[in-house]
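# Inside the fold
The residues making up each chain are set out below.
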Amino acid sequence: RKIKIRDLYAFRSFAEKYRSNSSYARARKVATLKSFFNFLQRKTKIIVENPANELESPKLNKRHPVYLTLNQSIHLLDSLNSSDKNYQRDYCILTFFLNCGMRLSELCSIQIEKFKEDTLTIIGKGNKERTVYLNDACLKALNNYLKVRDASKALPENKKFLFLSSRNLPISKRTVEIMIKKHITNAGYTDDKYTPHKLRHTAATLMYKYGNVDIRSLQSILGHENISTTQIYTHVDDDSLRDAVKSNPLSKL
């Protein structure tokens, strides 16, 4: 109740100057504060006046999603060590990310019984169910993994999950993050921006760039509630810009 808008602006300034938060990180904090104080005012009636009503979010510059190119994606898959005990599992995980554009949480929660021919039912963001269509690469990677998958030591409630850890537990998000960072590094890509979510970006970008997928279909594939979220994948890549310049009739003079 004692907090005033000046306190919120002071916190925003602290996040920028002392925490060196980017504009995106500060915008997220502002959104969180506005949501929290809105909850205190409208839901719980703990406060009468909302100090966050007039709190402005920092200006954000639009940025393109970070993604692997087609050749980089192929190289990443080819760089995996086939003699590693988790090779088939890791290859399947990377293939699913790069072909289906799944979220990390969606991949970790995949259950074997949810597969039906070339489709997979998953629970996405907001606990919403959606269907994922599997291409030949996914089906091949899945079958190869299932041939060597050993769930004999897993508890009955864990056997239903597709991806298991070395401790026979459903694979955790953190384990997948570490695994992907390892393979990204081994492939020679040192940029730490290549997280599981960036592989999701890669799938979406490659589908849009090479698959002639319209924006509405891509929205459905990715499970986006708002199409504005999907529109970041319609960015024009360098090749398109290069071709556009070359198409200028004056280019041949």
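Because the structure is predicted, anything quoted here is derived from the model rather than measured.

## Brief notes about a nonpolar patch on the surface
- A grouping of Phe11, Phe14 and Tyr18 is seen on the molecular surface, where their side chains present a nonpolar patch of about 340 Å² in accessible area.
- Take Phe14: it is sitting in helix H1 (residues 5-17).
- Its relative accessible area of 33% is what places Phe14 among the partly exposed residues.

## Observations concerning the packing of H1 against helix H2 (residues 23-43)
- Two numbers describe how H1 lies on H2: the axes approach to 10 Å, and their chain directions differ by 155°. For the element pair H1 / H2, the angle class is roughly antiparallel. Crossing of H1 against H2: the hand is right-handed. Seen from H1, the contacting residues are Leu8, Phe11, Arg12, Ala15 and Glu16; seen from H2, they are Arg26, Lys29, Val30, Leu33 and Phe37.
- The class makeup of the residues in the contact of H1 with H2 is 6 nonpolar, no polar and 4 charged.

## Section: the packing of aromatic side chains
- The final tally for this structure, using the stated rule, is 6 aromatic pairs.
- Pairing Phe14 with Tyr18 gives two aromatic rings, centres 5.7 Å apart and planes at 25°, and the pair type is stacked.
- For Tyr18, a relative accessible area of 67% translates into the label exposed.
- An aromatic cluster is defined as three or more aromatic residues linked by ring pairs; in this entry it consists of Phe11, Phe14 and Tyr18.

## Some words on the packing of helix H9 (residues 196-210) against helix H10 (residues 215-222)
- Following both chains from N to C, one finds H9 and H10 inclined at 155°, their axes separated by 11 Å at the closest point. With respect to their mutual orientation, H9 and H10 come out roughly antiparallel. The crossing of H9 and H10 is right-handed. Taken together, the residues of H10 that come into contact with H9 (itself represented by Arg200, Ala204, Met207 and Tyr208) are Leu218, Ile221 and Leu222.
- Along the lines of polarity and charge, the residues of the contact of H9 with H10 split into 6 nonpolar, no polar and 1 charged.

## So, the layout of surface pockets
- Space inside the second largest pocket adds up to approximately 350 Å³.
- Taken together, 17 residues make up the lining of the second largest pocket; nearest its centre are Lys85, Asn86, Val148, Arg149 and Asp150.
- Looking at the lining of the second largest pocket, the elements that each hand over two or more residues are helix H4 (87-100) and helix H6 (136-148).
- Here the lining of the second largest pocket takes 3 residues from H4, the largest share from any one element.
- Looking at side-chain class alone, the lining of the second largest pocket contains 4 nonpolar, 7 polar and 6 charged residues.

Each value, and the rule that gives it
Residues numbered from 1 in each chain as written. Predicted model: local features only at pLDDT ≥ 70, side-chain atom pairs only at ≥ 80, totals over all residues. Heavy atoms only, no water. Patch = residues over 30% accessible without salt bridge, like charges linked within 9 Å, V, L, I, M, F, W, Y side chains within 5 Å. Areas by Shrake-Rupley, 256 points an atom, 1.4 Å probe, with all protein chains shown as cover. Salt bridge = Lys/Arg side-chain N within 4 Å of Asp/Glu carboxyl O. Helix = DSSP H or I, 4+ residues; strand = E, 2+ residues; numbered from the N terminus. Buried < 20%, exposed > 50% of the residue type's maximum accessible area, 1.4 Å probe, protein only. Axes fitted to C-alpha atoms, helices over the stretch in contact; angles between N-to-C directions. Parallel < 35°, antiparallel > 145°, perpendicular 65-115°, else oblique. Left-handed = near helix turned anticlockwise from the far one by under 90°. Contact = heavy atoms within 4.5 Å. Nonpolar A, V, L, I, M, F, W, Y, C, P; charged D, E, K, R; others polar. Phe/Tyr/Trp six-rings, centres within 6.5 Å; stacked < 30°, edge-to-face > 60°. 1 Å grid on protein atoms, 1.4 Å probe; cavity = no way out; pocket = protein on both sides within 12 Å on 5 of 7 lines; lining within 4 Å. Points joined across faces, edges and corners; volume = space filled by probe spheres on them.

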